[in-house]
There are 4 protein chains.
Amino acid sequence: MIRVGVVGYGYWGPNLVRNLADAPDCRVSAICDSSQERLAVARHRVPAAATTTEWTDLVQDPRVDAVAVATPVATHFEIALEALRAGKHVLLEKPMAATADQALRLIDEAERRRLTLMVDHTFVFTGAVRKIRETIEAGDLGEIYYYDSVRVNLGVFRSDVNVIWDLAAHDFSIIDYLLAQSPCAISATGMNHVPGGVENIAWVTAFFQSPLIVHLGLNWLAPVKVRQTLIGGSERMIVYDDLEPSEKVKIYDKGITVDNGVSPESLHGLRIGYRTGDMRAPKLDTTEALRTATLHFLQCVETGRQPITGGCAGLRVVRLLEAATHSLRHRGRLVELEGGSVPA
Amino acid sequence: MIRVGVVGYGYWGPNLVRNLADAPDCRVSAICDSSQERLAVARHRVPAAATTTEWTDLVQDPRVDAVAVATPVATHFEIALEALRAGKHVLLEKPMAATADQALRLIDEAERRRLTLMVDHTFVFTGAVRKIRETIEAGDLGEIYYYDSVRVNLGVFRSDVNVIWDLAAHDFSIIDYLLAQSPCAISATGMNHVPGGVENIAWVTAFFQSPLIVHLGLNWLAPVKVRQTLIGGSERMIVYDDLEPSEKVKIYDKGITVDNGVSPESLHGLRIGYRTGDMRAPKLDTTEALRTATLHFLQCVETGRQPITGGCAGLRVVRLLEAATHSLRHRGRLVELEGGSVPA
Amino acid sequence: MIRVGVVGYGYWGPNLVRNLADAPDCRVSAICDSSQERLAVARHRVPAAATTTEWTDLVQDPRVDAVAVATPVATHFEIALEALRAGKHVLLEKPMAATADQALRLIDEAERRRLTLMVDHTFVFTGAVRKIRETIEAGDLGEIYYYDSVRVNLGVFRSDVNVIWDLAAHDFSIIDYLLAQSPCAISATGMNHVPGGVENIAWVTAFFQSPLIVHLGLNWLAPVKVRQTLIGGSERMIVYDDLEPSEKVKIYDKGITVDNGVSPESLHGLRIGYRTGDMRAPKLDTTEALRTATLHFLQCVETGRQPITGGCAGLRVVRLLEAATHSLRHRGRLVELEGGSVPA
Amino acid sequence: MIRVGVVGYGYWGPNLVRNLADAPDCRVSAICDSSQERLAVARHRVPAAATTTEWTDLVQDPRVDAVAVATPVATHFEIALEALRAGKHVLLEKPMAATADQALRLIDEAERRRLTLMVDHTFVFTGAVRKIRETIEAGDLGEIYYYDSVRVNLGVFRSDVNVIWDLAAHDFSIIDYLLAQSPCAISATGMNHVPGGVENIAWVTAFFQSPLIVHLGLNWLAPVKVRQTLIGGSERMIVYDDLEPSEKVKIYDKGITVDNGVSPESLHGLRIGYRTGDMRAPKLDTTEALRTATLHFLQCVETGRQPITGGCAGLRVVRLLEAATHSLRHRGRLVELEGGSVPA
């Protein structure tokens, strides 16, 4: 039986509580929120959990084995660090921390204490993203050419982080899981339309040491919700639409063929042909992603294994978020990432 | 009766010929293509037109009053210049020319000879784009915040121009028509995935001397066709989906409200509220855009009036294409445009 | 404080419990299900409620003021009757009862005891259906010509009732709420594809004493889920798509115009023109329908007012279900309904 | 070289002319229309064709080998009969004739004179319908359970024929091509909403001597265009959406499994399970259907072979149209079809 304390019972916290409460051999033993009103709701739904407005109490509570943190990102580091120091395993909402330095220190703390530190990169636990990874690993796409995602909606504006920290965190965690490479450089553009606010619209390009290229469109001020990702490969291409009720992943047997024996006098030089075959939408596991994620966390706590989305994955995502925001503030200036070199 | 000679009878030429032939007081008197096979098709469909493989013959033909040019962009300048020198009015397919210099020289030649020079920025003549302009001019959107377009498909790869010259030409001509301002700087990223080819995927951001921002996603190697543009304003927002059979333009009465009197202690700082009202899809004129465009060209020839999409509009588009390609080749490096200054 | 006992904790029961538990001045005091496993889940989620496998205990429980019944329709009559006899108010899942006679006896029992008897015709409590009724009542559609609904999915096959009793109950309750008239005759066709099963696919036409006509397509064995209703009027027409995430109701300013002065010699007789105007998707109340329904029930219990979907509405729906099933078993034979006369 | 005369140059005639003109070894030698205005258009487009307002002239014209008839259905019989008597092959637009008797007499005339008589059941020549037939013939669907089609739009109201004759003709020709059986009985309902008009909305059910059932929804007064057909089989199910730009046919590996060993005490009797697998959208031939149809006609004329959609197919469709209209006029009364017996 793992007893989990949840810090933050606003938007995402209740989902964490529900999934933890439904998990076998797990109990939600404490809930913290700064709002008494939210705590009243929590008590109504989980009468057995202790409630408090002070996270410092919760992380010290001896009835708590692990702490799940669903608070604004600015507070992640402090809460997680205290929890780790108190010997608790930690599940952090994404993004892991406000800076790469903070993320590094949490990784360090968890490793020294041999505690589980996991970041809830939820999409990594969806049937859709897992099927896409399977497809890529089976070689079905051939060489990956691009990952191009549009993630826009009339969203929950935040004042603490910009749209990149809010929305790109999803895509960065997905590409971290899907692709064998990490970006070597980032260019981002965007704009803030709210006086005194942060950037509410942004586009991010990530370069790799190969012809692979990643692009994200992010927008909190869109009239419609779009969650569509195109993944192009030399052999096949994928459309991943997270808003589709059932066929979220469609694999197209489409591509180009290059004809080298083209006559040189052709003006248009149509040396390129098209291949079009069937489209296939594979059956997906429909388990709620957060259920899979929380079970994975509990299992890692139990066994001591490293989570799929552990501190290092969290750190890599935070580094990309930092680089993208830096580029954005300089209107697209290329930001190189350590551990990579920019393609010539 | 205006007698038009058409140079280029490949993909777009037949559409030009069909619309010109259907126009009142107009006759297609000559057709030129380098392929005898294409000319045979042309003769079959327009028996009354003279046919030739030499454009130099056509532009000198005394039976020709105006020349419509639907050839690869690299040849636009030479053909148009000879036609203007021969005293013919000229309708050029987009983009107008391969360089801004060429475009300038054509504008100059046409002005000195008082001949009509028009660029077929087809989308400007669609009912959808015209309705969007009406909506903007009526002030319904409020201040324009962004124009964000996705224009991707498994497309006709070209070897003469990259995906920006092919596809962004559409969006640049649309924003030139819709927006009161011109971009002051451009940042673009992209990639080429075909050995020896040109860039087949690209993203372009255009900055203005205001919080307005424009972004384009362009891709010749996409598994599905997408033609979707989001236009965000302070009062309303538009979704323009050119693939929708009837409701191509949807106007959403949505936006944000900023509450300045927010309590400072709020952690999330949710000072921003949302406004959601009705959506309206206005009735659109469904006349074929190319029909409207060719009629406009013929009318300008007749009256001597300046076309909506005259040489200067063509030049502005070419300048943006040049700047975007330059930025693309330098991984997003900001390219400032004369006549504008980059926002601080 | 109204204390509600819920009978049936299978598919729909938990939704009832959740909404009742969230309602102010209401408590779920008892839950009954024949499965101990389901009761364990119930205890986990609502520790304060008494649980039992015997509905007869629950309806006699003095701690229960009202009984909500979410069991198979065959059991509705017996449970509801006992509950009413024990002085409890009753909320019945749709359809109200297995026969019109049963429905009548429940109405009678509730009236004599002055108890609230409500049927959970959930769709009547959606923002979409309420907006459609508003639109109709404002006269925006003009004369209503037809209501044509497709309600299909790969559904939960039932062995106790056929697809009409399962799915048409929704549409019958919607038209009962939307339309000022009741059907005067029914014709239905369909088929059973499962050995020993009930009809899993059916189509129902309802006639009225006016040119209004209603048609339903119902299917438990469809590869995709469809929930689309077209409502045609002389002035405007509606598309109601319940699967649309936000614009569920679209009002089209479309129709025909009849030109009586047409020349009689015209062969095609195209005396009919088309009117096409804007489309409008009104903003909808997004409150969960079951929340609105349970609050309405509690309010009726409190005030003694007649529910919008009271016993009489439930009875009218059951009569249509009976008639449709009778016609279905006779391959479309017209079944006239008392209180109506078939149009000549 | 086959010389074809086309009677009727209204809506569909120009499509016929264009495809015949593009066909190898074929020439459009004459065009007839009652409107001089339409003939002027025809002359403009096909200068080589003779034009006349009298179809009696055209069918006697020695320069005509075959006659294509695109006039209102009421005139099909007379024109086709005269053409056959004059020794011309005949291609008739759907539906073949106004009555089954007329269709029979045309079949007889063509057979006696050994002339080709074909009905342009266009959908039979689409890549989509051909792929569906392939899929069915390969046994991929298993036993066919149902064909359920919705074919609605704000359509061209006709005064000569009702919506069944106009729209159901398509579906009847498709099922005639797809299914190995013919309907044994028909039930139809519908309504006319235009004073003095014909039925503009209708639903048709066709029964077979097996559990197969066919249903059609037809509507000239719908706010949106829908062309969606569900085809259910014991092994797989198809969604055929003719308005989809590319994936018109989707094959779902879905179905039910019947568990006979179910415990008898289960109240809901959920003896039925669900099977969900991948979805596949096969690549389709995108040749214009009318091109394939006209080439087939010309080939049949050339070789003397029987067309796929010959007179007998045309007759079967007309019989279904007659039966459906008869049932419609009697509010769903079952109409049995000769050569079939109604399932008990």
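**Things to note about the relation of the copies chain C and chain D**
Note: a rotation about an axis with an accompanying shift along it relates these two copies of the chain. Expressed as a screw transformation, the operator carrying chain C onto chain D has a rotation angle of 180° and an axial translation of 0.0 Å, and the superposed copies differ by an RMSD of 0.0 Å. Such a turn and shift between the copies fits a two-fold axis. The overlap is high: 100% of the interface residues of chain C also sit at the interface in chain D, so the same surface is used on both sides.

**Regarding the packing of aromatic side chains**
In this description, an aromatic ring pair is defined by two values, namely the gap between the centres and the angle between the planes. Scanning the model with the defined rule gives four aromatic pairs over all chains in all. Seen from their ring centres, B:Tyr11 and B:Trp12 are 6.2 Å apart, and the 45° between their planes marks the pair as tilted. Residue classification places B:Trp12 among the partly exposed positions, given a relative accessible area of 24%. Over the ring of B:Tyr177 we find B:Arg133, and its NZ or CZ is 4.4 Å from the ring centre. The side chain of C:Arg151 reaches across the aromatic face of C:Phe123, ending 4.8 Å from its centre.

**Here we look at the relation of the copies chain B and chain A**
Aligned on chain A, chain B shows an RMSD of 0.0 Å; the corresponding rotation is 180° and the shift along the axis is 0.0 Å. A share of 98% of the interface residues of chain B reappears at the interface of chain A, consistent with the copies meeting face to face through the same patch.

**Description of the interface of chain C and chain D**
When the parts of a complex come together, some accessible area is lost, and that lost area is often used as the size of the interface. Taken together, the 60 residues of chain C in the interface contact 61 residues of chain D. Taking both sides of the interface into account, the surface hidden between chain C and chain D amounts to around 5100 Å²; carbon and sulfur atoms contribute 70%. Scanning the region where chain C abuts chain D turns up 17 residue pairs in polar contact (both at pLDDT 80 or more). Where the side of chain C that touches chain D is concerned, the elements lending two or more residues are β7 (144-154), β8 (185-191), β9 (201-208), β10 (210-219), β11 (221-233), β12 (237-241), β13 (249-258) and β14 (272-281) of chain C. If one sorts the elements of the side of chain C that touches chain D by residue count, β11(C) sits on top with seven residues. In terms of residue class, the side of chain C that touches chain D is built from 37 nonpolar, 17 polar and six charged.

**Remarks on the pairing of strand β8 (residues 185-191) of chain B**
Residues and elements named next belong to chain B. With seven of seven residues buried, β8 lies mostly within the body of the structure. Pairing of β8 with strand β15 (residues 335-336) involves two bridges; the strand directions are antiparallel. Bridging from a neighbouring strand, Ala185 pairs with Glu336 of β15.

**A few points about the sheet that holds strand β5 (residues 89-93) of chain D**
All names here are of chain D. As summarised here, the arrangement of the six strands in space is β3-β2-β1-β4-β5-β6, forming an open sheet in which the pairing is parallel. Unpaired on one side and paired on the other, β3 (50-52) and β6 (117-120) mark the two borders of the sheet. Between one strand axis and the next, the sheet turns through 20° on average, direction left out of account. Where helix α4 (residues 76-85) meets the sheet, it contacts β1 (2-7), β4 (66-69) and β5, and its direction lies at approximately 165° from that of β5.

**With respect to the pairing of β1(D)**
Residues in a regular strand project their side chains so that they alternate between the two faces of the sheet. Residue and element names in this part refer to chain D. Of all the six residues making up β1, five are buried; the element is thus mostly covered by neighbouring parts of the structure. What joins β1 to strand β2 (residues 26-32) is helix α1 (residues 13-22), and the crossover it makes is right-handed. Relative to β4, β1 is paired through four bridges, and the arrangement is parallel. For Val7, the partnering residue across the bridge sits in β4 and is Val69.

**What about the sheet that holds strand β4 (residues 66-69) of chain B?**
Residue and element names in this part refer to chain B. Strand order across the open sheet formed by six strands is β3-β2-β1-β4-β5-β6, with parallel pairing between neighbours. Each end of this open sheet is capped by a strand with a single partner; those strands are β3 (50-52) and β6 (117-120). Each adjacent strand pair in this sheet contributes to an overall mean axis angle of 20°, direction not counted. Its contacts with the sheet place helix α8 (residues 289-303) against β1 (2-7), β2 (26-32), β4, β5 (89-93) and β6, and it is angled at close to 175° to β6.

**Focus on unusual backbone geometry**
With an omega dihedral of -10°, the bond running from A:Lys94 to A:Pro95 counts as a cis peptide bond. Counting through the fold element by element, A:Pro95 comes out in the loop between β5 (89-93) and α5 (100-113). You will see that B:Arg114, though not glycine, has its phi angle at about 50°, which is positive. Relative to the helices and strands, B:Arg114 is located in the loop between α5 (100-112) and β6. With relative accessibility at 76%, the residue B:Arg114 sits in the exposed group.

**A word on empty space enclosed by the protein**
Taken as a whole and judged by the stated rule, the model has nine cavities of 30 Å³ or more. Approximately 80 Å³ is the volume found for the largest cavity. Sorting the residues of the lining of the largest cavity by element identifies β8 and β9 of chain C together with β8 (185-191) and β9 (201-208) of chain D as the ones contributing at least two each. A per-class count over the lining of the largest cavity returns five nonpolar, eight polar and no charged.

What counts, and at which threshold
Residues numbered from 1 in each chain as written. Chains lettered and ligands numbered in written order. Predicted model: local features only at pLDDT ≥ 70, side-chain atom pairs only at ≥ 80, totals over all residues. Heavy atoms only, no water. Least-squares fit on C-alpha atoms with pLDDT ≥ 70 in both. Contact = heavy atoms within 4.5 Å. Phe/Tyr/Trp six-rings, centres within 6.5 Å; stacked < 30°, edge-to-face > 60°. Buried < 20%, exposed > 50% of the residue type's maximum accessible area, 1.4 Å probe, protein only. Lys NZ or Arg CZ within 6 Å of the ring centre and 35° of its normal. Buried area = accessible area lost by both parts, 1.4 Å probe. Polar contact = N/O pair within 3.5 Å; in protein donor to acceptor, adjacent residues only side chain to side chain. Helix = DSSP H or I, 4+ residues; strand = E, 2+ residues; numbered from the N terminus. Nonpolar A, V, L, I, M, F, W, Y, C, P; charged D, E, K, R; others polar. Pairing = 2+ DSSP bridges. Axes fitted to C-alpha atoms, helices over the stretch in contact; angles between N-to-C directions. Right-handed = clockwise from strand over helix to strand, strands pointing away. 1 Å grid on protein atoms, 1.4 Å probe; cavity = no way out; pocket = protein on both sides within 12 Å on 5 of 7 lines; lining within 4 Å. Points joined across faces, edges and corners; volume = space filled by probe spheres on them.

Remember that the coordinates give geometry; whether it matters functionally is a separate question.
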